[in-house]
Amino acid sequence: MTPDEKIEAKQYFFQKTGIRDVVMCVDGTHIRIMKPRFRPMPYLNRKKYYSINAMIVCDHKCRIRAVDPRFCGSSHDSYVWNSSPVRDHFENMHATGGTDKLLGDAGYPAEPWLVMPYRDPEEGSVESNFNIRHTKGRNVVERTIGILKTRFRCLFGASNRLNYDQKKSGDILNICCALHNICIQNNIEWQHDIEEMLTAFNE
């Protein structure tokens, strides 16, 4: 991100959440693939279909800033995050005095550069109110994933899948993310249905 983009993102997320220095959000999404020929079981996810668990990092304008499609469907989001160059980047930046942060859900570890919600807070408590504000900021990544999958229906899931192995499926996802950003950059509209978009995110 350019310095101006960071300033704009921080203003957006602070207005939504009251949390300072947030520039991006992170979440994982499952991309349905064909059953791998070799060692298929690690790719069988908790919903009982074969997938890759792809990490998506986006900014406040739904632009995808990083994608990591290397991990099998049984991998937990926190494992993907801990193995990611994105985490290394933010850790190194904080080690040299940087303050930029991301928002993640409760599946991620709490770190100085990754802000997650409180688990099971009491209703009406300070922690509960924080979680409400946190959700208002973090829902941009859910929206981004929903837009990506409804725009490129090969990623949608449901009864569909990518009829390729995990490596080629990851390459296809990378290309779809790049095209998604080009569409945003050029204000290319997308046809959508809100229920479809939410279904796409939850796949």
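Notes on the structure follow.

What counts as what
- Residues numbered from 1 in each chain as written.
- Predicted model: local features only at pLDDT ≥ 70, side-chain atom pairs only at ≥ 80, totals over all residues.
- Heavy atoms only, no water.
- Helix = DSSP H or I, 4+ residues; strand = E, 2+ residues; numbered from the N terminus.
- Buried < 20%, exposed > 50% of the residue type's maximum accessible area, 1.4 Å probe, protein only.
- Phe/Tyr/Trp six-rings, centres within 6.5 Å; stacked < 30°, edge-to-face > 60°.
- Patch = residues over 30% accessible without salt bridge, like charges linked within 9 Å, V, L, I, M, F, W, Y side chains within 5 Å.
- Areas by Shrake-Rupley, 256 points an atom, 1.4 Å probe, with all protein chains shown as cover.
- Salt bridge = Lys/Arg side-chain N within 4 Å of Asp/Glu carboxyl O.
- Lys, Arg positive; Asp, Glu negative; His and termini not counted.
- Charge placed at Lys NZ, Arg CZ, Asp CG, Glu CD.
- Contact = heavy atoms within 4.5 Å.

Further remarks concern unusual backbone geometry. With phi around 45°, Arg39 is a residue other than glycine that occupies positive phi space. Assignment of secondary structure puts Arg39 in the loop between strand E1 (22–32) and strand E2 (51–58). One non-glycine residue with positive phi stands out, namely Lys48, at about 70°. Tracing the backbone shows Lys48 in the loop between E1 and E2. On the accessibility criterion, Lys48 (66% relative accessible area) is exposed.

What follows is about the packing of aromatic side chains. Considering all chains together, one arrives at four aromatic pairs under this definition. On the numbers, 5.1 Å between centres and 85° between planes, the contact of Tyr12 with Phe13 is edge-to-face. By relative accessible area, which is 0% here, Phe13 ends up buried. Judged by centre distance (5.5 Å) and plane angle (75°), the ring pair of Tyr118 and Phe130 falls under edge-to-face. A residue pair is termed long-range when its members are at least 10 positions apart, and Tyr118 in the loop between strand E5 (114–115) and helix H4 (126–151) and Phe130 in helix H4 qualify at twelve residues. The exposure class assigned to Tyr118 is partly exposed, which follows from its relative accessible area of 45%.

On to a positive patch on the surface. Taken together, the side chains of Lys16, Arg133, Lys136 and Arg143 define a basic patch exposed on the protein surface. Broken down by element, the positive patch gets its largest block of residues, three residues, from H4. Relative to the helices and strands, Lys136 is located in helix H4. With relative accessibility at 47%, the residue Lys136 sits in the partly exposed group.

Our focus in this paragraph is the environment of Tyr118. C-alpha of Tyr118 to C-alpha of Pro69: the two residues are 49 residues apart in sequence and 28 Å apart in space. Once you skip the residues sitting within four places of it in the chain, Tyr118 turns out to touch Glu127, Phe130 and Asn131.

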